[in-house]
Amino acid sequence: MKWQYCIVVEDSTRSMNYGIGKYVECLKKVLSERSDINLIIIHVTKIQDIQHNSVFGDIWISRAMFENKSSLELYLRNFLDVAVPTIIHFNGLLIEELGAIFRNMIRHSRVVCTIHFLSWYFSLMGNKTLFKEIIANKGLVDLHPKASITYKYYLENKKNIMFCDFVIVLCNETKEILVDYFEINPTKIYVIPNGLDINENFILRSPIKDKQIIYSGRIDPIKGVYYLAKAMNIVKRVYPEARLILAGDSTDEKYLNDCLYDAENIKYVGKLTSEQLHKAYSESIIGILPSFHEQCSYSAIEMMMHKLPIIGSNTTGLSEMLSNTPQNCVSIYGNTSFQTDYINNIALCIIRLLSDEEYRKKCSIDMWNTYTNQFTFDHFKIKMNTFINNIQLV
């Protein structure tokens, strides 16, 4: 008997154009190769009057439909076979309402979620030490301006995660956080890092004409781009010819302007097509991700594919990805003057890689080996198929 596998995606979220969207495409590719699965995509949209026609295999629902759960269940029954075992796989934390409907409709169902982010990453800019204090003190307001809202989000996240039968995380540190602070049973957590294949848009390294450094991702405060921009002011004193490419879109014009202020050695190119992005990687000498939160960055994997040495922060999963080159992993928190130290240390890492060709080549090889040993699509596919096989047996 074939199983139904329903992937729930929130089409209105910006992250669908970045990491979560790429993750869903990779997951769909794995599932499409299985003969024991009927794949169904459930699109959750903010638009009340749905313009898309739902069919078996492609279902569109709006947030407004959640207000009448009985009506929503009747609607879903038109497109789902409630008599067959079903996995419903969420890619966000709006789980409980829709998950409960599935459990009510389909007796033999499994609720799965992939944790792409937790709300405290954003409210506290990835500061795990502060998160621990807030949880221990149950969100006391005087601990931090966002302590109360962080604790509220924590309780909501915990409730949704506990509702799931199984949880997928993208790095070991997230598993530790779920076990230690969210009290999630470790036996229901699977660590499945992201993976990518070299595709038709991959471009071999070009002769490097100048000292080009690349950042790829959203231009958001959580990504630490402002601190990278300030570090480039230090770098240009030593290497005036060095330049930074910022590839990614921004919805915060003020933040973008702050990043670009007095920065003639920084070029903002916006969100690039896949082909344009791979070309930019191929022309660069260093990749950099100064994020305050990453679990398993697709940008980092793409940089590895291009054999770029990567400078990153020691946040969440990024330090795991860069464990073969820990000297290029810059500490974010740990003292009261972290902003100045962070900027200076990013600059020092860039200058070292620019000035030492042998060291740069070694880091390049280390990143390529990390990619081939851990982050190819085949690695992701094997682990995901093992996970699906295991939960089908339960």
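Residues numbered from 1 in each chain as written. Predicted model: local features only at pLDDT ≥ 70, side-chain atom pairs only at ≥ 80, totals over all residues. Heavy atoms only, no water.

### Section: the sheet that holds strand β7 (residues 189-191)
Okay, so step 1: Ordered by their spatial adjacency, seven strands build an open sheet running β3-β2-β1-β4-β5-β6-β7, and the pairing between neighbours is parallel. Every other strand in the sheet has two partners, leaving β3 (58-62) and β7 as the edge strands with one partner each. Strand-to-strand twist in this sheet, taken as the mean axis angle between neighbours without regard to direction, amounts to 20 degrees.
Okay, so step 2: Relative to β7, strand β6 (residues 166-169) runs parallel, the two being bridged by three bridges. (Pairing = 2+ DSSP bridges. Helix = DSSP H or I, 4+ residues; strand = E, 2+ residues; numbered from the N terminus. Axes fitted to C-alpha atoms, helices over the stretch in contact; angles between N-to-C directions.)

### A closer look at the environment of Ser-364
Okay, so step 1: Mapping Ser-364 onto the fold places it in helix α14 (residues 357-374).
Okay, so step 2: Residue classification places Ser-364 among the buried positions, given a relative accessible area of 14%.
Okay, so step 3: Distance from Ser-364 to Gly-270, taken between C-alpha atoms, is 26 Å for residues 94 residues apart in sequence.
Okay, so step 4: Beyond its immediate stretch of four places on either side in the chain, Ser-364 contacts Lys-307 and Pro-309. (Buried < 20%, exposed > 50% of the residue type's maximum accessible area, 1.4 Å probe, protein only. Contact = heavy atoms within 4.5 Å.)

### What about helix α6 (residues 147-163)?
Okay, so step 1: Under the 1.5 Å per step criterion, the end-to-end length of α6 is 24 Å for 17 residues, consistent within 8% with the ideal 24 Å.
Okay, so step 2: Those residues of α6 that sit buried are Ala-147, Thr-150, Tyr-151, Tyr-154, Asn-157, Lys-158, Asn-160, Ile-161 and Phe-163. (Expected span 1.5 Å × (residues − 1).)

### Quick notes on the sheet that holds strand β9 (residues 243-247)
Two strands in a sheet stick together by hydrogen bonds in their backbones, pointing the same way (parallel) or opposite ways (antiparallel).
Okay, so step 1: Taken together, the six strands give an open sheet; going across it, the order is β10-β9-β8-β11-β12-β13, and neighbouring strands pair in parallel fashion. For this open sheet the edge positions go to β10 (266-270) and β13 (329-330), each flanked by a neighbour on one side alone.
Okay, so step 2: Strands in contact with helix α10 (residues 274-282) are β8 (212-216) and β9; relative to β8, the strand with the most contacts, it is inclined by about 145 degrees.

### Observations regarding the packing of aromatic side chains
Okay, so step 1: Applying the stated criterion across every chain, the model contains 19 aromatic pairs.
Okay, so step 2: Aromatic side chains Tyr-75 and Phe-79 sit 5.2 Å apart centroid to centroid with 70 degrees between the ring planes, which places their arrangement in the edge-to-face category.
Okay, so step 3: A connected cluster of aromatic rings, assembled from ring pairs, spans Trp-120, Tyr-121, Phe-131, Tyr-151, Tyr-154, Tyr-181 and Phe-182.
Okay, so step 4: Just above the ring of Phe-163 sits the side chain of Arg-103; from NZ or CZ to the centre is 4.1 Å. (Phe/Tyr/Trp six-rings, centres within 6.5 Å; stacked < 30°, edge-to-face > 60°. Lys NZ or Arg CZ within 6 Å of the ring centre and 35° of its normal.)

### Thoughts on the pairing of β10
Okay, so step 1: As defined by bridge partners, β9 adjoins β10 across four bridges and the pair is classed as parallel. Pairing of Leu-246 across the sheet is with Tyr-268, part of β10.

### Section: the pairing of strand β5 (residues 109-115)
Okay, so step 1: β5 sits mainly inside the fold: seven of its seven residues count as buried.
Okay, so step 2: Side chains of β5 alternate between two faces, with Ser-109, Val-111, Cys-113 and Ile-115 and Arg-110, Val-112 and Thr-114 buried alike.
Okay, so step 3: Across four bridges, β5 lies against β6 in parallel orientation. In the strand pairing of β6, Ile-115 is matched with Val-169.

### Brief notes about unusual backbone geometry
Okay, so step 1: Of note, Lys-138 is a non-glycine position whose phi angle comes to about 55 degrees, a positive value.
Okay, so step 2: Considering the arrangement of structural elements, one finds Lys-138 in the loop between α5 (128-136) and α6.
Okay, so step 3: Residue class for Lys-138 comes out exposed when judged on its relative accessible area of 60%.
Okay, so step 4: Positive phi, close to 55 degrees, is recorded for Glu-183, a residue that is not glycine.
Okay, so step 5: Turning to its location among the elements, Glu-183 is positioned in the loop between α7 (172-181) and β7.

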